[in-house]
Amino acid sequence: MVSTITDPGADLIGGALTSFLPEVWAGIGMILVGVALILLVIRMISKLLKLLLVGHAERIFHSAIGRGPISGILAGLLVTVLVQSSSTTMSLAVSLAASSTFSLRQIFPFTVGANIGTTMTAIIAAFGFPGSSARPG
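Rules behind the numbers
Residues numbered from 1 in each chain as written. Predicted model: local features only at pLDDT ≥ 70, side-chain atom pairs only at ≥ 80, totals over all residues. Heavy atoms only, no water. Helix = DSSP H or I, 4+ residues; strand = E, 2+ residues; numbered from the N terminus. Buried < 20%, exposed > 50% of the residue type's maximum accessible area, 1.4 Å probe, protein only. Contact = heavy atoms within 4.5 Å. Areas by Shrake-Rupley, 256 points an atom, 1.4 Å probe, with all protein chains shown as cover. Expected span 1.5 Å × (residues − 1). Arc of directions from axis to C-beta. Core = buried A, V, L, I, M, F, W, Y, C linked by side-chain atoms within 4.5 Å. Patch = residues over 30% accessible without salt bridge, like charges linked within 9 Å, V, L, I, M, F, W, Y side chains within 5 Å. Salt bridge = Lys/Arg side-chain N within 4 Å of Asp/Glu carboxyl O. Axes fitted to C-alpha atoms, helices over the stretch in contact; angles between N-to-C directions. Parallel < 35°, antiparallel > 145°, perpendicular 65-115°, else oblique. Left-handed = near helix turned anticlockwise from the far one by under 90°.

J.: Describe the overall build of the protein, and please don't skip the residues or the numbers.
T.: If you tally the helices and strands in the protein, you get six helices and zero strands. Listing each helix as α and each strand as β along the protein from the N terminus yields α-α-α-α-α-α. Put simply, the protein has 137 residues, and 21% of those count as buried. Nonlocal contacts in the protein, meaning residues at least 24 apart in sequence, comprise 64% of its contacts between residues at least 6 apart. Working note: accessible area of the protein is about 9,600 Å², and carbon and sulfur atoms make up 74% of it.

Written out as structure tokens, the structure is:
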């Protein structure tokens, strides 16, 4: 489904670059366009987060992340275990730091907690057995 939406844009950009550049330079150009698009999206998300994080939502985030290192680690761990994706948690952390909602000093414990949460997710996944290998207790 996603490739149906993204493939035409990628083909258009790739075709535009390969039409006048050698193959190697076209590949480097695609990398540069990809990095620029990632930075643009992070900037847009951070602006949206700054608009959304007002009032009660901002107080909740500051009480979870901004209170101290231990609460930041626990918040990162909890969010990562709940969404089971450290990539999602890290994109949230990068956007919060980019929007100046939190300082890097405040986001660092959240990042450590997200990394710990990733290992917790792996441990939870390790306990999952397919039906034929599971034994009753």
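Following the structure, the description resumes.
J.: Summarise helix H5 (residues 86-98); cite the residues concerned and give the values.
T.: Look at H5: 18 Å from first C-alpha to last across 13 residues, which is about the 18 Å you get at 1.5 Å a residue. Within H5 the residues assigned to the buried category are Thr-89, Ala-93, Ser-95 and Leu-96. Down the axis of H5, the buried side of the element spans an arc of 165°, and every buried residue falls inside it. Count one or two residues on from H5 and you reach Ser-100, which has phi positive near 60°.

J.: Account for the nonpolar core, naming residues and giving values.
T.: Grouped together as the largest cluster of nonpolar side chains are eight residues: Leu-49, Ile-65, Ala-75, Ala-93, Leu-96, Phe-102, Ile-107 and Phe-110. When near neighbours in sequence (up to four residues on either side) are disregarded, Phe-110 contacts Ile-65, Gly-72, Ile-73, Ala-75, Gly-76, Val-79, Thr-89, Leu-92 and Ala-93.

J.: If you had to explain the environment of Ala-114 to someone new, which residues and values would you point to?
T.: Mapped onto the fold, Ala-114 is located in helix H6 (residues 104-126). With a relative accessible area of 0%, Ala-114 lands in the buried category. With 24 residues separating them along the chain, Ala-114 and Met-90 place their C-alpha atoms 7.3 Å apart. If near-sequence neighbours (up to four positions away) are discounted, Ala-114 is found in contact with Gly-76, Leu-77, Thr-80, Ser-86, Thr-89 and Met-90.

J.: Report on a nonpolar patch on the surface, specifying residues and quantitative values.
T.: On the surface, Ile-13, Met-30, Leu-37, Leu-40 and Met-44 cluster together into a nonpolar patch covering about 420 Å² of accessible area. As for its placement among the helices and strands, Leu-40 is situated in helix H2 (residues 23-52).

J.: An account of the environment of Ile-116 is needed here, citing residue identities and associated values.
T.: The residue Ile-116 is located in helix H6 in this model. Since its relative accessible area comes to 35%, Ile-116 is described here as partly exposed. Residues Ile-116 and Leu-77, spaced 39 residues apart in sequence, show a C-alpha to C-alpha distance of 6.0 Å. Every residue in contact with Ile-116, bar those within four places of it in the chain, is listed here: Ile-73 and Leu-77.

J.: Lay out the packing of helix H4 (residues 69-83) against H5 with the relevant residues and their values.
T.: Contact geometry of H4 with H5 gives a least axis separation of 8 Å together with a crossing angle of 135°. For the element pair H4 / H5, the angle class is oblique. By crossing handedness, the relation of H4 to H5 is classed as right-handed. Residue-level inspection shows Gly-76, Val-79, Thr-80 and Val-83 of H4 in contact with H5, the latter providing Ser-86, Thr-88 and Thr-89.

J.: Explain H6 to me, using residue names and the numbers behind them.
T.: With 23 residues, H6 extends 33 Å between its outermost C-alpha atoms, agreeing within 8% with the 33 Å of an ideal straight helix rising 1.5 Å per residue. Against the buried residues of H6 lie H4 and H5.

The values reported here are purely geometric and, on their own, carry no functional implication.
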